[in-house]
Amino acid sequence: MKKHSTNYYNAFLAVAEDCPVKMAEIPPLKEPRSAVRIQYDLLKDSPYQYTSDQIIYESNGARRGIPEEEFFSKGQACMRSSALSKRYGWGIHFDEEGKLALYPRESREYQAFEKDETLTQIRGMRSRRKRGQ
């Protein structure tokens, strides 16, 4: 089976254009934990320890009991569709190994990554389409 990857390398994922918060917020803790809360907990506790594929699998495949090979046999939404950047105001830096870390949009690090021309600049997906489209 072919594996579809969600990994980025040397990239920065900025918050979505229509993100509703000016300062990053921690996703609410509910039981069972939501996909976004699993992503937040993994990244907050262990920056640069996981790739996007690992985060996506843990938050979407593992929690539903889907074997990893089966989960990645189909294309999966990447971190651009995560509520971390769409709703909660977190930027994500991907290093040269594809490992990622969270940065709140109001931080100096976020501002520096957003201006870093050596990184591929990407944005979180908009929650709504622009008017007229």
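Located above this text is the structure these notes cover.
Here's a quick rundown of the structure. Note that the coordinates shown come from a computational prediction; the quantities given were computed from them, not determined experimentally. (Residues numbered from 1 in each chain as written. Predicted model: local features only at pLDDT ≥ 70, side-chain atom pairs only at ≥ 80, totals over all residues. Heavy atoms only, no water.)

1. Quick notes on the pattern of salt bridges
When the charged atoms of two side chains lie near each other, side chains of opposite charge can form a pair. On inspection of all chains with the given rule, the structure shows six salt bridges. Among the salt bridges present, the one from Asp41 reaches Arg33, with a minimum N-O distance of 2.7 Å. Classification of Asp41 as buried rests on a relative accessible area of 13%. In this structure, the salt-bridge partner of Glu114 is Arg123, at a minimum N-O distance of 3.8 Å. Salt bridges sharing partners connect three or more residues here, namely Arg33, Arg37 and Asp41. (Salt bridge = Lys/Arg side-chain N within 4 Å of Asp/Glu carboxyl O. Buried < 20%, exposed > 50% of the residue type's maximum accessible area, 1.4 Å probe, protein only.)

2. Structural notes on the packing of aromatic side chains
Scanning the model with the defined rule gives eight aromatic pairs in all. Consider the rings of Tyr57 and Phe72, whose centres lie 6.4 Å apart with planes at 40°: the pair is tilted. Here the residue Tyr57 occupies a position in helix α2 (residues 52-61), and Phe72 occupies one in the loop between α3 (68-71) and α4 (83-86), the gap between them amounting to 15 residues. Here Tyr57 and Phe72 have matching classes, each one buried. Aromatic ring contacts, followed pair by pair, group Phe12, Tyr103, Tyr110 and Phe113 into a single cluster. (Phe/Tyr/Trp six-rings, centres within 6.5 Å; stacked < 30°, edge-to-face > 60°. Helix = DSSP H or I, 4+ residues; strand = E, 2+ residues; numbered from the N terminus.)

3. Overview of the sheet that holds strand β1 (residues 11-14)
Across the sheet, four strands lie side by side as β3-β2-β1-β4; this open sheet has mixed pairing. Of all strands in the sheet, those with a lone pairing partner are β3 (100-104) and β4 (120-123), marking the two edges. Each adjacent strand pair in this sheet contributes to an overall mean axis angle of 20°, direction not counted. Of the pairings in the sheet, the one linking β1 to strand β2 (residues 90-94) comprises three bridges and is antiparallel in character. The partner of Ala11 across the bridge, within β2, is Phe94. In the packing of helix α5 (residues 108-115) onto the sheet, the strands contacted are β1, β2, β3 and β4, and the crossing angle to β1 comes to about 115°. (Pairing = 2+ DSSP bridges. Axes fitted to C-alpha atoms, helices over the stretch in contact; angles between N-to-C directions. Contact = heavy atoms within 4.5 Å.)

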